[in-house]
Amino acid sequence: MTWPDAFGRLSTVFLAILLRFTFQGAYCQLVVSPAGPTLVNALAGRNVTLAVSFSGATDPMVVWSMAGLPVVTWAINSGTAPGIAASREKVLRLEPDGSLSFVNVTLEYTSNYTIKMTKVGLKTSSTTFTLNVFDMIQDVILKAQSGSALEGSDRFALQYSMPQGVVERQTWAFSGAEIKSNSRYLVEERGLVILGLNRSDTGRYTVLLTNPFSSVTADTNVTVLYGPDEPILEARPARPFYLKGDSLSVSWQADGFPPPTVEWVFGSQTLSDFPEGVLNLTNVQTSQGGVYTCKLLNGETSANSQKSIVINVYERPSGDPTCSVQSVNNVDLQYLCRWSWGSPQAQLSFPALSNTSSGAGNLSLTVTASRNLDGKTVTCVADHPVELNNCSITAGSPRMFLPAVRTTVDSDGKIVVTIRCVSEASPQAVVSWYNGSEAVTSTTPYQISRDTTQLQIRDYNVSNFLLQNYACICRNSLGSQRREIQLRGPSISDSSLFANHNGTIVTLTWEIPPTSIVTGFDIQMKGPHSLSRNRNGTQTRGSSNRFHTIQRKPGAARSADIFNLDPKLRYSFRVVPKARMTEGQPSEVQRIGPGEGLSGSAIAGLAAGIPCGLLFLVLLGGFIYFCVYFNKNKSRQARYPKSRAVEKAVTTPTEMTPHNLLTGGLKSPPDYNGLLQTPSERSVALPAFVPPPPVRTATTV
C-alpha cells in the first residue's frame, strides 16, 4: 500500500469520526459506561476502583448509590469537594472522571453500586457494578452440630467454622465420593444435613471451601450409634414346659454399637451372676416358672430393647377356687369361678348350669334369673392336672332390713339427713330411692352414694324433711324389698340417770327414735347450780326453779356427765333434742337427791285449794240447811187431822213390840209420826191406851 492510499484511508476514518461527534453533539445525549468489568472481586484491606467514562455532556452531576442508598454526590469540575456519607469518608473516594475508589476496603462493602449522571436538559444515564469483597479462608474446623450421631435421627448436621474468610463455594464428600443435594443429603450455608440417619452413614466426611483468593479443606469422622436391636432368645433344651427339677439355659443375640450390656429380669427381680449374659436355670422349681425378660442397654445412647420368654413349670394353682355371683341389669345372674396362678390353668365349669361352658383359670357364666335359683347352691368344678377341687355359691333375693337414719350439719349450716338401706342379698342389691311416687336422683337437695345404699338430703329447715315420705327399694335379679321412711322431728324415746357412789357425778343417757332428725342436744338442769367461782375467787352456789341449759352435745352423743353435784341437794335433769334451732319435746325428767317436800306447784295448789275447800263446805252446809228447812215447811203444810184414839194408840207405850221381831241385823224402820209432831206435842205425855186387837194403825205422811 502506498502512502497516498494510506493517507486517504486515514482521512476517511477521521472524517467519519468527526461526523459522528458532530451528529452526537447535535442530539446532545449523555452516556455513562463502565471503563472495566462490572463484576469486581477484591481482597479485604486492598484498594479497588469502579472505573467509568461518560460522553455527550460536560460537567454532569454524579450520584453513586450503594444498594439503592446514595453515598457520594458531586458535580464534575465544580471546584467543590464531593459529598460523601460521613460513615463512608474513610473508605470512599471520587475520582475526577466520576469513578468510585475504595481505600482499604472491608467486607461490609460487598454490595451493588449504581452511578447516575444527570445534566439539565438531558436524560439521566446510569450503570451498575457488583463488588464482592473476600477474605482469606483460614483455620477451618468441621464438626457435628448436635453431638452424637444417633440412628433414626431425622436430621444430623455437620457444620464448619473459621475465624476469618469468605466462602464462595463449598464442596462436600463422603468417603471420597462427592455429595450432591438429594433426598438423603441437604447442602446448606456453612453445613451439610443428613436426613434419616442410619448406621450406614458411619464414615469420613470432607468439605472443600474456595474463593477467588484462597481454598481450604476440612474433614471429620462420623460414627453412628445404633441399637440394640430386639434380641433373639433361644431356650435349650426347647420344650413347651418344664417339670420341677429340670435344668435349662436361655441365650440371646442382638446387634448394636457400642455393644449393649444385658440383664435378666424375672418378675420385678433383676437376676445376676450370669456370665456372658446367658440365663442358666438348674433344678428349676415351680416358683421359677413365669416370664423372663432379657433387657439390652446401649451405654452411649441409653437406648434399650427387650424381649421376654415364658418358662412354663407345672404347679398347682395357689389357694382354693373362689365362687361369686353378681347381677346383670337386674335381670340375669352372672356366676363367676376363679382359680388362677396355676400352670397350666385349671379348667373350670358349672355342671348344674351348663354342660358345655367352661373356662381356664376364670369362668363367667350368665343365666336368666329364676325363682328356682333363689337359695340354690351352685358348685364350680375346678379340674387341674395336680388336683381336682371345687367351690360353691348360693344366690338369694334381698332379705328384710331396717333403714338407718343419721343427722349432721354441714359447713354451710344445712341439716344433712343420711338414710341408709342395706339388705343382705347375693348378688348385692342395688338401692332405688323415692320421694312419694317420684324417683329420687342425685340433684339438689339429694345426693346418692356411689354404691346407692345412702341418700343424703340437705336443707336449712327441718320442717321440709317432715313433709316428705321417702322409700328405698333394694333389688337384685331375684327380687326386691321396699321400706318406707317417715322422718320425725327431734324427739327422745328413752332416758335414764346413773350416779356415782358419792352422788357428786351423774351420767345422763338417752335414745332417740330411729327416724328422728336430731343435730344436737341441750342438757338442762333444775335445782341448785354446780359450784362456780366468781370474780374474787370465792365459790358461790345458785339455785333455780326452772330448767336451764348446762351442756350442749352433738347429734351423735347419747350420754352426758354432770360433775360437782351436792349429794345433799335434789336435782332434776332432762334432755332437749334439737334440729339446728328447732327444739323437740324434752325427755322425761330424771331426778336425783334426797326425798323432797311439797314442790312449789303443790304448795301453790294447796294455797289455792284451801280457800276453795272452805268455800265449798260453806256452800254445802247452806245447801243442807236449805233442804232441811224446805222439808220442814213442806211437812207443816201437809198435816192431816188424826183421831184421838189413834194418837193415844200411837203414843202409849205398850208391851207390843211388833218391830222388834225383825232380826238378821235389820234396822227398825224410822218413826215417821215423830217427825210430824210439833215440839209442844212431843213434850206432853199421852195416856196409855191399848187398842183392840183387830185395829191396825196407819200413818199418813
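Here the residue index of a chain counts from 1 through its sequence in written order. Residues qualify for local features only when their pLDDT is at least 70, as the model is predicted, and side-chain atom pairs are given and counted only at 80 or more; totals for whole chains, interfaces and linings, by contrast, use all residues. For the side-chain quantities, the full set of heavy atoms in the structure was used; hydrogens and water were omitted.

1. Observations regarding the overall build of the protein chain
- From N to C terminus, the protein chain includes six helices and 53 strands.
- Within the protein chain, the fraction of its 701 residues that count as buried is 32%.
- Each accessible area value is a Shrake-Rupley result obtained with a 1.4 Å probe; residue values ignore everything except the protein chains displayed when judging cover. As displayed, the protein chain has an accessible area near 42,300 Å², and 53% of this comes from carbon and sulfur atoms. A run of DSSP states H or I qualifies as a helix once it reaches four residues; a run of E qualifies as a strand once it reaches two. Both are numbered from the N-terminal end. When accessible area is computed with a 1.4 Å probe and restricted to protein chains, residues below 20% of their type maximum are described as buried, those above 50% as exposed, and intermediate ones as partly exposed.

2. Remarks on the state of the cysteines
- Counting rule for disulfides: a pair of cysteine sulfur atoms within 2.5 Å. The final tally for this structure, using the stated rule, is three disulfides.
- Between Cys323 and Cys391 runs a disulfide, and the two sulfur atoms are separated by 1.9 Å. Its torsion about the S-S bond being 75 degrees, the disulfide of Cys323 and Cys391 is classed as right-handed. Here the residue Cys323 occupies a position in strand β29 (residues 322-328), and Cys391 occupies one in strand β35 (residues 388-394), the gap between them amounting to 68 residues.
- What makes Cys323 buried here is its relative accessible area of 16%.
- Here Cys337 pairs with Cys380 through a disulfide, and the sulfurs are 2.0 Å apart. Linking Cys337 and Cys380, the disulfide has an S-S dihedral of approximately -85 degrees and is accordingly described as left-handed.

3. Digging into the packing of aromatic side chains
- Here a pair means two rings of Phe, Tyr or Trp (six-membered ring of Trp) with centres within 6.5 Å. Their orientation is stacked below 30 degrees between planes, edge-to-face above 60, and tilted elsewhere. Scanning the model with the defined rule gives eleven aromatic pairs in all.
- When the ring centre of Tyr185 is taken as reference, the NZ or CZ atom of Arg184 above it lies at 5.5 Å.
- Here, a charge over a ring is recorded when the distance from Lys NZ or Arg CZ to the ring centre is within 6 Å and its angle to the ring normal is within 35 degrees. One cation-aromatic arrangement involves Arg483 over Phe401; the distance from NZ or CZ to the ring centre is 5.6 Å.

4. Examining the sheet that holds strand β8 (residues 92-94)
- Two strands form a pair only when DSSP identifies at least two bridges running between them. What the three strands build is an open sheet, ordered β3-β9-β8; its pairing is antiparallel. Of all the strands in the sheet, the pair left with one neighbour each is β3 (48-50) and β8. Mean inter-strand twist for the sheet, computed between neighbouring axes without regard to direction, equals 25 degrees.
- Note that β8 and strand β9 (residues 100-102) share three bridges and pair antiparallel. Considered in β9, the bridge of Leu94 is made with Leu100. For every element, the axis is a line fit to its C-alpha atoms; helices are fit only across the contacting stretch, and the angle between N-to-C directions ranges from 0 to 180 degrees.

5. Some points on the sheet that holds strand β19 (residues 203-211)
- With antiparallel pairing, four strands are arranged side by side in an open sheet as β16-β15-β19-β20. Of all the strands in the sheet, the pair left with one neighbour each is β16 (177-178) and β20 (214-222).
- Both strand β15 (residues 169-174) and β19 contribute to a ladder of six bridges, which runs antiparallel. Looking across to β19, one finds that Trp172 is bridged to Val207.

6. Regarding unusual backbone geometry
- Of note, the amide linkage connecting Gly227 to Pro228 takes the cis form, showing an omega dihedral of 5 degrees.
- Here Pro228 is to be found in the loop between β21 (224-225) and β22 (232-236).
- In the segment running from Thr444 into Pro445, the intervening peptide bond is cis, with an omega of 5 degrees.
- The phi dihedral of Asn283 is positive, around 50 degrees, even though this residue is not glycine.
- Inspection of the secondary structure puts Asn283 in the loop between β26 (279-281) and β27 (290-297).
- For Asn283, a relative accessible area of 47% gives the class partly exposed.
- Of note in the backbone geometry, Asn564 takes a positive phi value of approximately 60 degrees without being a glycine.
- Assignment of secondary structure puts Asn564 in the loop between β50 (559-562) and β51 (571-579).

7. As for the pairing of β27
- Examined bridge by bridge, strand β24 (residues 261-266) and β27 share six bridges and lie antiparallel to one another. Residue pairing for β27: Phe266 is matched across the bridge by Tyr292.
- What sits between β27 and strand β28 (residues 304-311) in their antiparallel hairpin is a turn of six residues, with Ser302 showing a positive phi close to 65 degrees.

8. Let's talk about the confidence of the model for the protein chain
- You can read pLDDT as the predictor saying how much it trusts each residue, on a scale of 0 to 100. For the protein chain, mean pLDDT is 83; residues scoring 70 or higher make up 83% of the total.
- Every residue pair with non-hydrogen atoms within 4.5 Å of one another is taken to be in contact. Note on residues 640-690: pLDDT under 50 across the span, and 31 contacts to partners over four residues away in sequence or across chains.
- Across residues 695-701, confidence stays below pLDDT 50; counting only partners more than four residues off in sequence or on other chains, it has six contacts.

9. Notes on the side chain of Ser516
- Looking at the secondary structure, you find Ser516 in the loop between β45 (506-511) and β46 (520-526).
- For this analysis, a polar contact is any N or O atom pair within 3.5 Å, provided that within protein one partner can donate a hydrogen and the other can accept it, and provided that sequence-adjacent residues contribute only side-chain to side-chain pairs. Side-chain polar atoms of Ser516 contact the backbone nitrogen of Ser491, separated by 3.2 Å.

10. Section: the pattern of salt bridges
- Salt bridges are identified by distance alone: a Lys or Arg side-chain nitrogen within 4 Å of an Asp or Glu carboxyl oxygen. Overall, the coordinates contain 14 salt bridges when judged by the stated rule.
- For Arg236, the salt bridge identified is with Glu234, shortest N-O distance 2.8 Å.
- Each of Glu151, Arg199, Asp229 and Asp255 takes part in one network of salt bridges that share partners.

11. Examining the environment of Thr366
- Relative to the helices and strands, Thr366 is located in strand β33 (residues 362-368).
- You can call Thr366 partly exposed: its relative accessible area is 43%.
- It is 8.8 Å that separates the C-alpha atoms of Thr366 and Leu336, two residues lying 30 residues apart in sequence.
- Filtering out sequence-adjacent residues up to four positions away, Thr366 remains in contact with Asp332, Leu333 and Gln334.

12. Looking at the pairing of strand β41 (residues 454-459)
- By the bridge criterion, six bridges tie strand β37 (residues 415-420) to β41 in an arrangement that is antiparallel. Counterpart to Thr418 in the pairing with β41 is Gln456.
- Pairing geometry for strand β40 (residues 446-448) and β41, over three bridges, is antiparallel. Bridge pairing in β41 links Ile448 to Leu455.
- With antiparallel pairing between neighbouring strands as the criterion, β40 and β41 make up a hairpin whose turn holds five residues, including Thr452 at a positive phi of roughly 65 degrees.

13. Here we look at the environment of Gln170
- Turning to its location among the elements, Gln170 is positioned in strand β15.
- The spacing of Gln170 and Val207 is 37 residues in sequence and 6.6 Å in space, taken between C-alpha atoms.
- If sequence neighbours within four positions are ignored, Gln170 has contacts with Tyr160, Val187, Glu188, Glu189, Arg190, Gly191, Val207, Leu208 and Leu209.
- Separated by 3.1 Å, the side chains of Gln170 and Trp172 make a polar contact.
- At a separation of 2.8 Å, a polar atom in the side chain of Gln170 contacts the main-chain carbonyl oxygen of Glu188.

14. With respect to the environment of Ala382
- Along the chain, Ala382 turns up in strand β34 (residues 377-383).
- The class of Ala382 is buried, set by a relative accessible area of 0%.
- Counting along the chain gives 20 residues from Ala382 to Asn362, while the straight-line C-alpha distance between them is 10.0 Å.
- Discounting chain neighbours no more than four positions away, the residues touching Ala382 are Pro321, Trp339, Gln347, Leu348, Glu387, Leu388, Asn389 and Asn390.

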